[in-house]
There are 6 protein chains.
Amino acid sequence: MFHSVLEALDKKFHFARAKAHCDIPCGIYDPITAQIAALTVVRMMDLMNGLADSEEKGKAEYHNSISRYITVKEEHAEKAKHEVRVIWGDYIKPEHVEKYPDLHNLVNKIMKLGSKVRQTADRQAGLDFVEAINQFAEIFWATKGIATKRAKAPYAPNLELVYPVL
Amino acid sequence: MFHSVLEALDKKFHFARAKAHCDIPCGIYDPITAQIAALTVVRMMDLMNGLADSEEKGKAEYHNSISRYITVKEEHAEKAKHEVRVIWGDYIKPEHVEKYPDLHNLVNKIMKLGSKVRQTADRQAGLDFVEAINQFAEIFWATKGIATKRAKAPYAPNLELVYPVL
Amino acid sequence: MFHSVLEALDKKFHFARAKAHCDIPCGIYDPITAQIAALTVVRMMDLMNGLADSEEKGKAEYHNSISRYITVKEEHAEKAKHEVRVIWGDYIKPEHVEKYPDLHNLVNKIMKLGSKVRQTADRQAGLDFVEAINQFAEIFWATKGIATKRAKAPYAPNLELVYPVL
Amino acid sequence: MFHSVLEALDKKFHFARAKAHCDIPCGIYDPITAQIAALTVVRMMDLMNGLADSEEKGKAEYHNSISRYITVKEEHAEKAKHEVRVIWGDYIKPEHVEKYPDLHNLVNKIMKLGSKVRQTADRQAGLDFVEAINQFAEIFWATKGIATKRAKAPYAPNLELVYPVL
Amino acid sequence: MFHSVLEALDKKFHFARAKAHCDIPCGIYDPITAQIAALTVVRMMDLMNGLADSEEKGKAEYHNSISRYITVKEEHAEKAKHEVRVIWGDYIKPEHVEKYPDLHNLVNKIMKLGSKVRQTADRQAGLDFVEAINQFAEIFWATKGIATKRAKAPYAPNLELVYPVL
Amino acid sequence: MFHSVLEALDKKFHFARAKAHCDIPCGIYDPITAQIAALTVVRMMDLMNGLADSEEKGKAEYHNSISRYITVKEEHAEKAKHEVRVIWGDYIKPEHVEKYPDLHNLVNKIMKLGSKVRQTADRQAGLDFVEAINQFAEIFWATKGIATKRAKAPYAPNLELVYPVL
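Numbering of residues starts from 1 in each chain and follows the order in which that chain's sequence is written. Note on labels: chains are lettered from A, ligands numbered from 1, in written order. In keeping with the model being predicted, local features are shown solely for residues with a pLDDT of at least 70 and side-chain atom pairs are shown and tallied solely at 80 or more, while totals for entire chains, interfaces and linings include all residues. Side-chain numbers here rest on the full set of heavy atoms in the structure, without hydrogens or water.

## Focus on the overall build of chain A
Then step 1. Comment: elements are numbered from the N terminus, with helices defined as DSSP H or I runs of at least four residues and strands as E runs of at least two. For chain A, the helix and strand inventory stands at seven helices and two strands.
Then step 2. Along chain A, helices and strands appear, N-terminal first, in the series α-α-α-α-α-α-α-β-β.
Then step 3. Think of it in three bands: with a 1.4 Å probe and only protein chains considered, a residue is buried below 20% of the maximum accessible area for its type, exposed above 50%, and partly exposed in between. When each of the 166 residues of chain A is scored for burial, the buried share is 64%.
Then step 4. Working rule for contacts: check all heavy atoms of both residues, and any pair within 4.5 Å makes them a contact. Sequence separation of at least 24 residues holds for 66% of the intrachain contacts in chain A that already meet a minimum separation of 6.
Then step 5. In short, Shrake-Rupley with a 1.4 Å probe defines the accessible areas, and a residue's cover is counted only from the protein chains shown. Accessible area for chain A stands at about 6000 Å²; split by element, carbon and sulfur atoms hold 54% of it.

## Focus: helix α7 (residues 123–143) of chain E
Residues and elements named next belong to chain E.
Then step 1. Helix length check: α7 (21 residues) gives 31 Å between terminal C-alpha atoms against 30 Å at 1.5 Å per residue, within 8%.
Then step 2. Along α7, the residues that are buried comprise Ala125, Gly126, Phe129, Val130, Ala132, Ile133, Asn134, Phe136, Ala137, Ile139, Phe140 and Trp141.
Then step 3. Tucked into the core, α7 has its buried residues touching α3 (32–52), α4 (60–91), α6 (103–119), β1 (148–152) and β2 (160–164).
Then step 4. Between the side-chain oxygen of the N-cap and the backbone nitrogen of glutamine 124 there are 3.1 Å, and the N-cap of α7 in question is aspartate 122.
Then step 5. Glycine 145 lies just past α7 and shows a positive phi near 70°. Multiplying 1.5 Å by the helix residue count minus one yields the expected span of that helix. Contacts described as polar in this section are N or O atom pairs within 3.5 Å, which, within protein, must combine one atom able to donate a hydrogen with one able to accept it, while residues neighboring in sequence count only if both atoms come from side chains.

## Observations regarding the side chain of threonine 33 of chain A
Then step 1. Structurally, threonine 33 of chain A can be placed in helix α3 (residues 32–52).
Then step 2. Not counting chain neighbours up to four residues away, the residues in contact with threonine 33 of chain A comprise Lys79 and Glu83 of chain A.

## Points about the side chain of aspartate 90 of chain C
Then step 1. You can see aspartate 90 of chain C is positioned in helix α4 (residues 60–91).
Then step 2. For the purpose of charge, His is not counted, nor are the chain termini; Lys and Arg are scored as positive and Asp and Glu as negative. Should a side-chain nitrogen of Lys or Arg be within 4 Å of a carboxyl oxygen of Asp or Glu, the pair is scored as a salt bridge. The side chain of aspartate 90 of chain C is buried and forms no salt bridge, while lysine 81 of chain D, the nearest opposite charge, is found at 4.2 Å.
Then step 3. Within the structure, aspartate 90 of chain C has its side chain in polar contact with the side chain of serine 115 of chain D (distance 2.2 Å).

## Some details on the pattern of salt bridges
Then step 1. For the structure on display, the rule yields 48 salt bridges over all chains.
Then step 2. Residues glutamate 78 of chain B and lysine 81 of chain B are paired through a salt bridge, measuring 3.9 Å at the closest nitrogen-oxygen approach. You can see glutamate 78 of chain B and its partner lysine 81 of chain B sitting in helix α4 (residues 60–91), three residues apart, about one turn around the helix.
Then step 3. Each of Arg68 of chain A, Glu74, Glu78, Lys81 and Arg118 of chain E together with Arg85 of chain F takes part in one network of salt bridges that share partners.

## Section: the environment of proline 31 of chain E
All names here are of chain E.
Then step 1. With respect to the helices and strands, proline 31 occurs in the loop between α2 (14–19) and α3.
Then step 2. Since its relative accessible area comes to 2%, proline 31 is described here as buried.
Then step 3. Once the C-alpha coordinates of proline 31 and leucine 113 are considered, the two residues, 82 residues apart in sequence, prove to be 16 Å apart.
Then step 4. Excluding anything up to four places from it in sequence, proline 31 contacts Ile87, Ala137, Phe140 and Trp141.

## A look at the layout of surface pockets
Then step 1. Here a cavity denotes a set of grid points, spaced 1 Å apart and computed over the protein atoms alone, in which a 1.4 Å probe fits but from which it cannot get out, and a pocket denotes an open set meeting protein on both sides within 12 Å along at least five of seven lines; residues with an atom within 4 Å of a point are reported as lining. Grid points are joined across faces, edges and corners, and a volume is the space filled by probe spheres set on the points. There is about 360 Å³ of room inside the largest pocket.
Then step 2. Sorting the residues of the lining of the largest pocket by element identifies α3 and β2 (160–164) of chain A together with α3 (32–52) and β2 (160–164) of chain F as the ones contributing at least two each.
Then step 3. Nonpolar residues are Ala, Val, Leu, Ile, Met, Phe, Trp, Tyr, Cys and Pro. Charged residues are Asp, Glu, Lys and Arg, and all others, Gly as well, are polar. Split into classes, the residues belonging to the lining of the largest pocket amount to 18 nonpolar, two polar and four charged.
Then step 4. Surrounding the second largest pocket, 18 residues form its lining, Tyr163, Pro164 and Leu166 of chain D together with Tyr163 and Pro164 of chain E being those nearest its centre.
Then step 5. When contributions to the lining of the second largest pocket are tallied by element, the ones reaching two or more residues are β2 (160–164) of chain D together with β2 of chain E.

## Observations concerning the nonpolar core
Then step 1. In plain words, nonpolar cores are sets of buried Ala, Val, Leu, Ile, Met, Phe, Trp, Tyr and Cys residues tied together by side-chain atoms within 4.5 Å. Of all hydrophobic cores here, the largest spans 347 residues; its most connected members are Phe129 of chain A, Phe129 of chain B, Phe129 of chain C, Phe129 of chain D, Phe129 of chain E together with Phe129 of chain F.
Then step 2. Those residues in contact with phenylalanine 129 of chain B that sit more than four places away from it in its chain are Ala38, Val41, Ala77, Ala80, Lys81, Ile110, Leu113, Gly114 and Val117 of chain B.

## A few points about the pairing of β2 of chain A
Residues and elements named next belong to chain A.
Then step 1. The element β2 is largely enclosed, with a buried count of four among its five residues.
Then step 2. Criterion used throughout: strands pair if DSSP finds at least two bridges between them. Across five bridges, the pairing between strand β1 (residues 148–152) and β2 is antiparallel. When the bridges of β2 are listed, threonine 148 appears paired with proline 164.

## A word on the packing of aromatic side chains
Then step 1. Each Phe, Tyr or Trp ring, with Trp reduced to its six-membered ring, pairs with another whose centre is within 6.5 Å; inter-plane angles below 30 degrees give stacked pairs, above 60 give edge-to-face pairs, and intermediate values give tilted ones. On inspection of all chains with the given rule, the structure shows 21 aromatic pairs over all chains.
Then step 2. A ring pair is formed by tyrosine 29 of chain B and tyrosine 91 of chain B, whose centres lie 5.6 Å apart and whose planes are at 55°; its orientation type is tilted. Here tyrosine 29 of chain B is found in the loop between α2 (14–19) and α3 (32–52), whereas its partner tyrosine 91 of chain B is found in helix α4, with 62 residues between them in sequence.
Then step 3. Arranged with centres 4.8 Å apart and planes meeting at 0°, the rings of tryptophan 88 of chain C and tryptophan 88 of chain D form a pair that is stacked. Here tryptophan 88 of chain D lies in helix α4 (residues 60–91) and tryptophan 88 of chain C lies in helix α4, a pairing that spans two chains.
Then step 4. Of the aromatic side chains, those joined through ring pairs into one cluster are Tyr29, Tyr91, Phe140 and Trp141 of chain A.
Then step 5. Seen from the ring of tyrosine 91 of chain A, lysine 93 of chain A lies directly overhead, with NZ or CZ sitting 5.5 Å from the centre. Geometrically, a charge over a ring is one whose NZ (Lys) or CZ (Arg) sits within 6 Å of the ring centre while staying within 35 degrees of the ring normal.

## Brief notes about the confidence of the model for chain A
All names here are of chain A.
Then step 1. Of the residues in chain A, 83% reach a pLDDT of 70 or more, and the chain-wide mean stands at 86.
Then step 2. Below pLDDT 50 for its whole length, residues 1–22 participates in 42 contacts with residues either more than four positions away or in separate chains.
Then step 3. Under the prediction, the complex receives an ipTM of 0.84, its pTM being 0.87. pLDDT: the predictor's confidence for each residue, scored from 0 to 100.

## Comments concerning unusual backbone geometry
Then step 1. Put simply, alanine 156 of chain B and proline 157 of chain B share a cis peptide bond, and its omega is 5°.
Then step 2. Positive phi, normally seen in glycine, also occurs at asparagine 158 of chain A, with a value near 55°.

## Here's the deal with the environment of arginine 68 of chain A
All names here are of chain A.
Then step 1. Locating arginine 68 in the fold gives a position in helix α4 (residues 60–91).
Then step 2. Owing to a relative accessible area of 3%, arginine 68 belongs among the buried residues under this scheme.
Then step 3. Counting along the chain gives 24 residues from arginine 68 to methionine 44, while the straight-line C-alpha distance between them is 9.1 Å.

## So, the packing of α4 of chain A against α4 of chain E
Then step 1. Helix axes are fitted to C-alpha atoms over the stretch in contact, other axes to C-alpha atoms as well, and angles between N-to-C directions run from 0 to 180 degrees. Close contact between α4 of chain A and α4 of chain E brings their axes to 10 Å; oriented N to C, the two are set at 70°. Classified by the angle their axes make, α4 of chain A and α4 of chain E are roughly perpendicular. Contacts from His63, Asn64, Ser67 and Arg68 of chain A in α4 of chain A reach Tyr62, His63, Ile66, Ser67, Ile70, Lys73 and Glu74 of chain E in α4 of chain E.
Then step 2. Looking at the contact of α4 of chain A with α4 of chain E residue by residue, the class counts come to three nonpolar, five polar and three charged. Should an angle lie under 35 degrees it is considered roughly parallel, over 145 roughly antiparallel, and from 65 to 115 roughly perpendicular; all remaining angles are considered oblique.

## Observations regarding the environment of valine 165 of chain C
Residues and elements named next belong to chain C.
Then step 1. Along the chain, valine 165 turns up in the segment after β2 (160–164).
Then step 2. On the accessibility criterion, valine 165 (45% relative accessible area) is partly exposed.
Then step 3. Between the C-alpha atoms of valine 165 and leucine 103, which are 62 residues apart in sequence, the distance is 22 Å.
Then step 4. Those residues in contact with valine 165 that lie beyond four places of it in its chain are Ile146, Ala147, Thr148 and Lys149.

## Here's the deal with empty space enclosed by the protein
Then step 1. Throughout the structure, instances matching the rule amount to 13 cavities of 30 Å³ or more.
Then step 2. Of the pockets and cavities examined, the second largest cavity occupies roughly 280 Å³.
Then step 3. For the second largest cavity, the lining is made up of 18 residues, of which Tyr163 and Pro164 of chain B together with Tyr163, Pro164 and Leu166 of chain C are closest to its centre.
Then step 4. Tallied by class, residues from the lining of the second largest cavity come to 14 nonpolar, no polar and four charged.

Written as structure tokens, this is what we have:
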């Protein structure tokens, strides 16, 4: 019944469509957003734990700081989960799942870790969250035929992130 | 290092924890939100398609209506995807996946349909979206030992939705 | 001055318009969203009060949990208020107010209770909030000629909610 | 069961509580936000209608402009409704309703006008929306014992707004 | 390559364009929104500091109140920053900067104060924030040739705000 | 009056504070988010312009696509502006402005370009937006003593972005 705009798009943007069946479709996916968000979660945990050991408990200033760290941690954990879900839902195609049969489980694990880091200030959970998203990033870049490396992030907590070699 | 608040919660809210490993954890999950959102997507498609056949094209009023339908469609497709992702990430546990081994694929399919209904006004895609989420709802209620029925929604487009028998 | 798209809509969607003068107009209103949100408010109060009695005060983990409960409580109280406001502003017509002359007061009361449950962790206020929205739901379904029943919600705190009989 | 923080607040902020039973409670309510938002709705209608008469229909640039006007109109209509709802739900007390018995109807009318200006580009509806909120502002300032005046807004469409005399 | 809708707009809305190079362009800018938001920041600090001196620390109710004050403080500080950024980015033109050569520094200072009031409950920082935005408002109204006055805001903390003389 | 939590933070996180006076303060700033957002703006313009030349004008599908491109363009232009504003307001210190005296003007220019790309589908404006943010990124990394390179982004429209050498 409808004239297919998507067909016209297919002709114009064939290469992009071949590489990405996405939402717009726009083809701009980059796991770095999720990786930075996960790193921020660990940073907030460090600030929370450092603050909890101090003497300032029970004061307006203490509550002000701890509440802000928790809120930022919440937002970035959610952001990381959302970004991974978008790539998984929009970019990942059946052939990718065939090649990386554990991909669904990895994404589900990222969701669960993303909830765990919201529920606690447990740094190990934060490190696991970063690492799981790093693994997702490695698979993502591999599906695009782009090599990756690991390098320390240029900001605290300076954990290793997976970067594409451009 | 930290006294475990979660352990204390476990003792207080043992039953809830046994039934739901969730984000807060709060245990209030209900796929009806996603189902109503998916139904709204179909409703907006119907309004868009009805409008497109009219004579009013190219006027401010036409653009006003079609833009609003598209925006509402976008928001509800995204909302449905988000709600399903939360239940899948927070409530669904490995034993559920063992019992319903196609669950990961179903959720991934819902994400892809949720993107498709954003990209088009194709009613069939909308119907598929509603049905996939209905299937997800059936599995969800089954994991809680609650029977379900199908009944027509009490608002247009009056599609069948899965409801728990309470 | 403008060709009326609404008139064309009127002809196409006469039944829906007759039953609902709404924002899009789309006709999909369902108080269940507000009811679940109000129930979540009570659930958060229970978690807050349970936590406050524990020994874990003053630690990062305690603040993490209590802050998250409060935030979720805030969001769901606001969500419930918003949903009721939309139905009241868009769906409710003068003839409904004639038939239920206390409706404006009930909605105003829901707004005030929605603010009260944000200001405190007082469970009774939460119960009053749920009950007021239940009463609103009963009136809503009555205006559509759909019978209702009361049943326990299938998740903690398992309060009675008003459901349409479909 | 709980030590009442609100009681302590009552003692500290008695005057504010006497004048406003509000959400925080903070006492900072100002209808000017709703008034500016309603004015913006009319401004967007003017831009939409001006554009619709031009020759540029059907081009990317035309769609870009008209879509943006519609979105801004949507957002500001919603914002105006939200601000009025907050003042009505949090600040307005039973004694105000006794003194201004038509207040509930006025607020309900504002909600309905706020939906109508989203549904159309009909300038008269926009003017009615501004005027209804002006009337709400007059009542609001009267309850606080502050005189008001009407003056032209210092930006297009330069409609008269109600301002407190400070 | 594109027919310029902006040119057509220029002809129709010449006066507005001459007075405001804005985002839509719509010409409705008003620093009062940022001023009220900054005032709210000080109000929240007052509530936080009043609460911190009370006996109720460590209880659910205390956390409920302090968390809410902090959240509202965060939101309004951010809102004030955003509103100032929009006027600075969209309305302010090079000739304004020539006439008020310290304008960029003032805006940058507002951003820094807006962050400082989020980081602390220090009332002086809040007062500085209000005053810096007042100065911005004075410049803004001066560029439009509209005189200003200072008057006490009609709500606590009743600080002086800059108002246009209409 | 208040015990300074910030001082305690200073001792614990001295290095981070020395390098970044930020909002939390957290020290995680990365212009890549703004750069990807600006790139997305150009991508949407390309999709809009490609679509406008097609035959599908005036249909529901056409409106669906063009509306979505415009919305995504709006959101990403705003996101890029917001990210740059945060770095400029929270991270940039007076000594940076001394060393890069045109920095305020560059940021103001980015704000104006960010509004221009919202107002039009003019690709050149999009390219200017990307380039201005690239220049901002070069200054940012220089203040941290980290070298940069330029490389083509690994997704359409494959423009050159500034990357830190890690």
